[in-house]
Amino acid sequence: MNALHEVRVVRPATIDEAARALAENGAQALAGGTDLLPNLRRGLGAPRALVDLTAVDGLGSLTVQADGSLRAGAAVTLATLAADAAVRAGWPALAVAAGLVAGPTHREAATLGGNLCQDTRCVFYNQSEWWRAGNGYCLKYLGSQCHVVVKSDRCYATYHGDVAPALIVLDAVAEVAGPGGPRTLPLAALFVEDGAQRLALQPGEWLTAVLVPPAAGWRADYAKARVRDAVDFALAGAAVALRRDRNRDGDRLAGLRVAITGTNSAPLAVATAGLVGRAWNADAAAALAQSVQASANVLATTVAPVKYRRRMLQALVRRLVDELWARG
Ligand SMILES: Cc1cc2nc3c(=O)[nH]c(=O)nc-3n(C[C@H](O)[C@H](O)[C@H](O)COP(=O)(O)OP(=O)(O)OC[C@H]3O[C@@H](n4cnc5c(N)ncnc54)[C@H](O)[C@@H]3O)c2cc1C
């Protein structure tokens, strides 16, 4: 890795100060730095200013609100999310997902905002400058061709974040600040399926918090497959939220949400509407597997084989639904 390029670092104390600093041309948010700094040291990007969000007043707060929802500031660390008693009790899937990111020392510094907004990854992108130069760079950065899908007009780098799928199935909302004022959007709408663009944020916009509604009868969990359990990105990951309705008239799925990561350029919700109202059995499992297959677009963006990642994704989804149904 190279030394970091010459860059100005600003440390705002309030949301307004942060918003002004991030509205400047060439400014980029810096949170825990566990994703951004290694990338910059590989020459992947050259922001003029880094806006350190970790000292912004209120951004590190985690509160259960009067209506029972959770409000997590963008600078809450993943270690806090994983260990917090209220999160573990009310939204265990979120605690599980946060606790499965990277390794323990990363999670002490890594933040919720940085995890959600992390860069997409690819074997042709997460390389040293000389390696990428030797391959003529790539469509994601400095080059004109995607080496994964040759002749494609968009970048297919993959989103590997763990926390986003958990928040999608928990029906979370993202709170964003920017030159146009604050706004909220469903968590899934924060992402675009383009490995280069990756986020649906306007210039100068940034994530301030995430709101998660009370669980209200839903049970949820998250699981991932990775090379080394101690520290790796998901080769495939899945979150499932489920409501089971058991009464005299039958035993059915009253609600089912599935979201995937590590497979596409964005974390994605899988279509499940056709399964709601049905029992969870072999036919339903086959229908869900088809739906997962239709959403996932696993390509050769990691060193692990495509076929393995596809099969692991199916296995993770099936296991999560089986377990949540049994617990229901
Ligand atoms: C060895 C290793 C293993 C890893 N394993 C995993 C893994 O298993 N799972 C996983 O999900 N990640 C993994 N990561 C990536 C990274 O550590 C985590 O995603 C981490 O949560 C990033 O958070 P951060 O606060 O450090 O973000 P930063 O590195 O500070 O920022 C990441 C990106 O988000 C942007 N950003 C930060 N905060 C905001 C905000 N509030 N609004 C808008 N944009 C913002 C930054 O500009 C940057 O582009 C790994 C990294 C390493 C080095």
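What you are looking at is a predicted structure, and each value in this text was computed from that prediction instead of being measured. (Residues numbered from 1 in each chain as written. Predicted model: local features only at pLDDT ≥ 70, side-chain atom pairs only at ≥ 80, totals over all residues. Heavy atoms only, no water.)

K.L.:
Just to check I follow, could you spell out the packing of aromatic side chains for this structure?
P.N.:
The full count for this structure, using the stated rule, is two aromatic pairs. Here the basic side chain of K140 rests over the ring of Y125, its NZ or CZ set 4.6 Å away from the ring centre. One Lys or Arg, R244, reaches over the ring of W325 and ends 3.9 Å from the middle of that ring. (Phe/Tyr/Trp six-rings, centres within 6.5 Å; stacked < 30°, edge-to-face > 60°. Lys NZ or Arg CZ within 6 Å of the ring centre and 35° of its normal.)

K.L.:
Looking at this structure, I do not really get the site of the ligand. What am I missing?
P.N.:
Neighbouring the ligand are 33 residues; A29, T34, L36, T111 and D162 lie closest to it. Backbone polar atom of L36 to an oxygen atom of the ligand: 2.7 Å apart, as the coordinates give it. The separation between an oxygen atom of the ligand and a polar side-chain atom of T111 is 2.7 Å. In isolation the ligand offers 980 Å² of accessible surface; the protein chains occlude 91% of this area. (Near = heavy atom within 4 Å. Polar contact = N/O pair within 3.5 Å; in protein donor to acceptor, adjacent residues only side chain to side chain. Areas by Shrake-Rupley, 256 points an atom, 1.4 Å probe, with all protein chains shown as cover.)

K.L.:
Mind showing me how you'd approach unusual backbone geometry here?
P.N.:
Trans is the common state for peptide bonds, and a negative phi is the common state for residues other than glycine. With a phi angle near 70°, L142 is a residue other than glycine that sits in the positive phi range. Take L142: it is sitting in the loop between helix 8 (129-134) and helix 9 (163-169). One non-glycine residue, D171, lies in positive phi territory at about 65°. Turning to its location among the elements, D171 is positioned in the loop between helix 9 and strand 6 (173-177). (Helix = DSSP H or I, 4+ residues; strand = E, 2+ residues; numbered from the N terminus.)

K.L.:
I'm lost on the nonpolar core in this one. Help?
P.N.:
For soluble globular proteins, the rule of thumb is that nonpolar side chains tend to be buried together. Counting residues in each nonpolar core, the largest one holds 45 residues, and the members touching the most others are L94, L116, V163, L167, L187, F191 and V210. In this structure, A223, V240, V292 and V317 belong to the second largest nonpolar core, which totals 26 residues. (Core = buried A, V, L, I, M, F, W, Y, C linked by side-chain atoms within 4.5 Å. Buried < 20%, exposed > 50% of the residue type's maximum accessible area, 1.4 Å probe, protein only.)

K.L.:
How should I be thinking about helix 10 (residues 282-295) in this particular structure?
P.N.:
Given 3.6 residues to a turn, an α-helix orients residues that are three or four positions apart in the same direction. If you check helix 10, its first and last C-alpha atoms are 20 Å apart, about what 14 residues at 1.5 Å a residue would give, namely 20 Å. Every buried residue of helix 10 is listed here: A284, A285, L288, S291, V292 and S295. Taken down its axis, helix 10 places every buried residue within 120° of arc, on the same side. Counted as exposed and oriented over 90 degrees from the buried face of helix 10: A282, D283, Q290, Q293 and A294. Tucked into the core, helix 10 has its buried residues touching strand 11 (250-261), strand 12 (268-270) and helix 11 (306-327). With a side-chain oxygen positioned 3.2 Å from the backbone nitrogen of D283, the residue opening helix 10 is N281. (Expected span 1.5 Å × (residues − 1). Arc of directions from axis to C-beta. Contact = heavy atoms within 4.5 Å.)

K.L.:
In this structure, what is going on with the sheet that holds strand 12? I would like to understand it.
P.N.:
Each strand in a sheet pairs with another by means of backbone hydrogen bonds, the pair being arranged parallel or else antiparallel. Overall, antiparallel pairing links the four strands, which are arranged 9-10-11-12 in an open sheet. The outermost strands of the open sheet, each flanked by one partner alone, are strand 9 (219-225) and strand 12. The sheet shows a mean angle of 20° between the axes of neighbouring strands, direction not considered. Where strand 11 lies against strand 12, three bridges are found, and the strand directions are antiparallel. Looking across to strand 12, one finds that V258 is bridged to V270. Helix-sheet contacts for helix 11 involve strand 9, strand 10 (236-247) and strand 11, and the interaxial angle to strand 10 is about 30°. (Pairing = 2+ DSSP bridges. Axes fitted to C-alpha atoms, helices over the stretch in contact; angles between N-to-C directions.)

K.L.:
What am I meant to see in the pairing of strand 3 (residues 49-52) here?
P.N.:
Each regular strand shows side chains that alternate between the opposite faces of the sheet. Side chains of strand 3 alternate between two faces, with A49 and V51 and L50 and D52 buried alike. Note that strand 1 (residues 8-10) and strand 3 share three bridges and pair parallel. Paired with V10 across the strands is V51, a residue of strand 3. Across four bridges, the pairing between strand 2 (residues 27-30) and strand 3 is parallel. Across the sheet, residue L30 finds its bridge partner in strand 3, namely D52. Traced from strand 2 through helix 2 (residues 36-41) to strand 3, the parallel crossover comes out right-handed. (Right-handed = clockwise from strand over helix to strand, strands pointing away.)

K.L.:
Could you clarify how one ought to interpret the sheet that holds strand 8 (residues 206-212) in this entry?
P.N.:
Read across the sheet, five strands follow the order 4-5-8-6-7 without closing on themselves; strand pairing throughout is antiparallel. Among the strands making up the open sheet, the edge pair consists of strand 4 (62-64) and strand 7 (183-186). Here the average twist between neighbouring strands, direction ignored, is 20°. Two strands pair when backbone bridges link them, and strand 4 and strand 5 (residues 70-73) are joined in this way by three bridges, in the antiparallel orientation. Across the sheet, residue L62 finds its bridge partner in strand 5, namely A72.

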